[in-house]
Amino acid sequence: MCAVHWFNAPKSWHLWYNLGMAKPVMIIDLSNDSVGGLLLDPTYDKEHRKFCSPTRAVTHVPLPFQAELNLERFLNQVVVALKTTIEALARENNSRPARVICFLSAPFYASQTRVVRHTTPEPFRVTASLLKDLLAKDLNQFISQHPQLYSEVIEDAHQVIESKTMQVKLNRYLTHTPYDKLASEGELFHYVSIGSSRILGRFREVIQGFTHHAPIEFHSFPFALFSVCRDHFGDQRYRFLLDIGAEVTEVLLLAEDILWESISFPAGRNGLIRELVKTLNTVPEEALSALRTYRRGGQNKSASDKLTAALTTFQKIWVGYFHETLQTLSGQHLIPKDILDIGDPLVVPLFLDWLKQEKYDEIMVGNRSFNVKLLTASDLAGQCGYQIGQSGEHLLVESIFYDKLLGINNRYG
């Protein structure tokens, strides 16, 4: 298995913990359907020679269902849920956390994988300062070309969330140790994510109100998911990762150990619920209850026919968006046949069934249907045996990713 090689990973993380005596780390998951949080006790497992940090406390606050989307109302709901989450974690801990790590899902970030090329007539020596200058120049270009994330937010600006080098090639050959080597051609495969300065600033204010001077970091959830899945499923080099949320579906394309694309479209769990509410002429809670009964095959024919009609209507919408995404990606990439999906276990199996039913003759070569799999906690637990309870796979992925960061930055053991 090939791990992520971040040549520009920060070196400022010190071994501030004393096995079992450290302050916990707070993990916050900011998604489009909920805000989750947990406290981790950073712990190095000598037997497995890796960090396996146990969970001290965990909480999860769903966002209220919106009949019609409104950005300002949505952001206010996220802020309220964030306060509730941190308050719940604070009650479980006698001291303030040593660090707060926030993970952002759509629509709180924008990202792109960039290929930075450097060629010279004569061989050049690869140095840390050369790579840093190349990446800084490309990052500035990306920011200048990217539009404002939210047109509704006045006087907003970009804030860089991540700038990660996933892979380096010298003279077209992959290398994990590029420094001090000679080459006439270099390629950096570089992941960049940005967020709204004003919105991230609001999140930071809320967190600091409880944690005061604890350092706060932001990461994009898709990069964490890519990193964890690449480590856990290194046997397959090409796949899609799908994160089906409340309002947004995120599609990640992995190829040759690189997160090549991250594309989102505005259709998810809540869109399905809205269609059920409209067709059944009911409220969201009763629509979900009817869906559970339908999935068990316990409804009468009349109710079943209505549900089938609603599901068929939304299936066309969601599959249409996914088809457009495939069309966009197929212009530059081969389309993999394997899909790993993360999301609500009640509704996501429906989306996966839709993927298996569809044929993509004009896009996929050979086998024209997808192999799909729902990503569960047991798939990711690994040697550490992580257990996050019922709060979702997002927090599990983020816990594993945090331990990976500890291993990269501390090189302990």
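In short, a report on the structure. No experiment lies behind these values; they were computed from the predicted model shown.

Description of the packing of helix H6 (residues 284-296) against helix H7 (residues 301-330)
The N-to-C vectors of H6 and H7 enclose an angle of 105°; their axes lie 11 Å apart at closest approach. Considering the angle they form, H6 stands roughly perpendicular to H7. Of the residues in H7, those touching H6 at Ala290, Leu291 and Tyr294 are Ser304, Leu307, Thr308 and Leu311. Its residues placed into classes, the contact of H6 with H7 shows 5 nonpolar, 2 polar and no charged.

Notes on the sheet that holds strand E1 (residues 25-30)
Here we have 5 strands laid out as an open sheet, ordered E5-E2-E1-E6-E11, and mixed in their pairing. One side of each edge strand has no neighbouring strand; the edge strands of this open sheet are strand E5 (55-62) and strand E11 (216-220). Looking at each pair of strands side by side, their axes are set apart by 15° on average, direction ignored. Bridging between E1 and strand E6 (residues 99-104) involves 6 bridges; their strand directions are parallel. Paired with aspartate 29 across the bridge in E6 is phenylalanine 103. In this fold helix H3 (residues 197-211) packs onto E1, E6 and E11, with an angle of close to 140° to the strand it touches most, E11. Where helix H4 (residues 221-232) meets the sheet, it contacts E6 and E11, and its direction lies at approximately 70° from that of E11.

Quick notes on the packing of aromatic side chains
Under the definition given, this model contains 19 aromatic pairs. Considering the side-chain rings of phenylalanine 265 and tryptophan 318, the 5.8 Å spacing of their centres and the 65° angle between planes classify their relative orientation as edge-to-face. With phenylalanine 265 in strand E14 (residues 258-265) and tryptophan 318 in helix H7, this pair connects stretches of sequence that are 53 residues apart. The same class applies to phenylalanine 265 and to tryptophan 318, which are both buried. A centroid spacing of 5.0 Å and a plane angle of 75° characterise the contact between tryptophan 318 and phenylalanine 351, whose relative ring orientation is edge-to-face. Here tryptophan 318 is found in helix H7, whereas its partner phenylalanine 351 is found in helix H8 (residues 348-357), with 33 residues between them in sequence. We note that tryptophan 318, like phenylalanine 351, is buried. Pairwise contacts between aromatic rings join Phe240, Phe265, Phe314, Trp318, Tyr321, Phe322, Phe351, Trp354 and Phe370 into one cluster.

Remarks on the nonpolar core
Counting 72 residues, the largest nonpolar core has Ile27, Ile28, Leu30, Leu82, Phe108, Phe203 and Leu225 as its most contacted members. For isoleucine 28, the contacting residues outside a window of four places in its chain are Val35, Gly36, Gly37, Leu82, Thr85, Ile86, Leu89, Val100, Ile101, Cys102, Phe103 and Glu398. Grouped together as the second largest cluster of nonpolar side chains are 37 residues, Leu272, Trp318, Leu352 and Trp354 included.

Topic: the environment of proline 62
Here proline 62 lies in strand E5. Separated by 16 residues in sequence, proline 62 and valine 78 place their C-alpha atoms 9.3 Å apart.

Some details on helix H2 (residues 128-145)
End to end, H2 covers 26 Å across 18 residues, agreeing with the expected 26 Å (1.5 Å per residue, within 8%). Listing the buried residues of H2 in full gives Leu131, Leu134, Leu135, Asp138, Leu139 and Phe142. For H2, the buried positions fall inside an angular range of 130° around the axis, keeping them on one side. In H2, those exposed residues whose orientation departs by more than 90 degrees from the buried face are Lys132, Asp133, Lys137, Asn140 and Ser144. Elements that come into contact with the buried residues of H2 comprise strand E7 (110-125), strand E8 (158-170) and strand E10 (182-196).

Notes on the pattern of salt bridges
Close approach of charged atoms lets side chains of opposite charge pair. Evaluated as defined, the whole model comprises 14 salt bridges. Linking lysine 404 and aspartate 231 is a salt bridge whose minimum nitrogen-to-oxygen distance equals 2.7 Å. Taken together, the positions of lysine 404 in helix H10 (residues 393-410) and aspartate 231 in helix H4 put the pair 173 residues apart, joining distant regions of the chain. Its relative accessible area of 14% is what places lysine 404 among the buried residues.

A look at the side chain of serine 196
Inspection of the secondary structure assignment puts serine 196 in strand E10. Relative accessible area serves as the criterion here: at 2%, serine 196 is assigned to the buried category. Apart from residues no more than four positions distant in its own chain, serine 196 is found in contact with Leu149, Tyr150, Asp156 and Ala157.

With respect to H7
In an α-helix, one turn spans 3.6 residues, which is why side chains three or four residues apart end up on the same side. The first and last C-alpha atoms of H7 sit 41 Å apart over 30 residues, in line with the 44 Å expected at 1.5 Å per residue. Buried residues of H7: Leu307, Ala310, Leu311, Phe314, Gln315, Trp318, Val319, Phe322, Thr325, Leu326 and Leu329, and no others.

Digging into the sheet that holds strand E15 (residues 338-343)
The 5 strands are arranged E14-E13-E12-E15-E16 in an open sheet whose pairing can be described as mixed. Because the sheet does not close on itself, it has two edges, and the strands there are E14 and strand E16 (371-374). Mean inter-strand twist for the sheet, computed between neighbouring axes without regard to direction, equals 20°. With 7 bridges joining them, strand E12 (residues 238-244) and strand E13 (residues 249-255) adopt antiparallel strand pairing. Within E13, the position partnered with aspartate 243 by the bridge is glutamate 250. Seen against the sheet, H7 touches E12, E13, E14 and E15 and runs at an angle of roughly 145° to E14.

With respect to unusual backbone geometry
Residue proline 107 is bonded to the preceding alanine 106 through a cis peptide linkage, with omega at 15°. Locating proline 107 in the fold gives a position in the loop between E6 and E7. Phi is positive for arginine 172, which is not a glycine, with a value near 75°. Residue position: arginine 172 is located in the loop between E8 and strand E9 (173-175).

So, how was this worked out
- Residues numbered from 1 in each chain as written.
- Predicted model: local features only at pLDDT ≥ 70, side-chain atom pairs only at ≥ 80, totals over all residues.
- Heavy atoms only, no water.
- Axes fitted to C-alpha atoms, helices over the stretch in contact; angles between N-to-C directions.
- Helix = DSSP H or I, 4+ residues; strand = E, 2+ residues; numbered from the N terminus.
- Parallel < 35°, antiparallel > 145°, perpendicular 65-115°, else oblique.
- Contact = heavy atoms within 4.5 Å.
- Nonpolar A, V, L, I, M, F, W, Y, C, P; charged D, E, K, R; others polar.
- Pairing = 2+ DSSP bridges.
- Phe/Tyr/Trp six-rings, centres within 6.5 Å; stacked < 30°, edge-to-face > 60°.
- Buried < 20%, exposed > 50% of the residue type's maximum accessible area, 1.4 Å probe, protein only.
- Core = buried A, V, L, I, M, F, W, Y, C linked by side-chain atoms within 4.5 Å.
- Expected span 1.5 Å × (residues − 1).
- Arc of directions from axis to C-beta.
- Salt bridge = Lys/Arg side-chain N within 4 Å of Asp/Glu carboxyl O.

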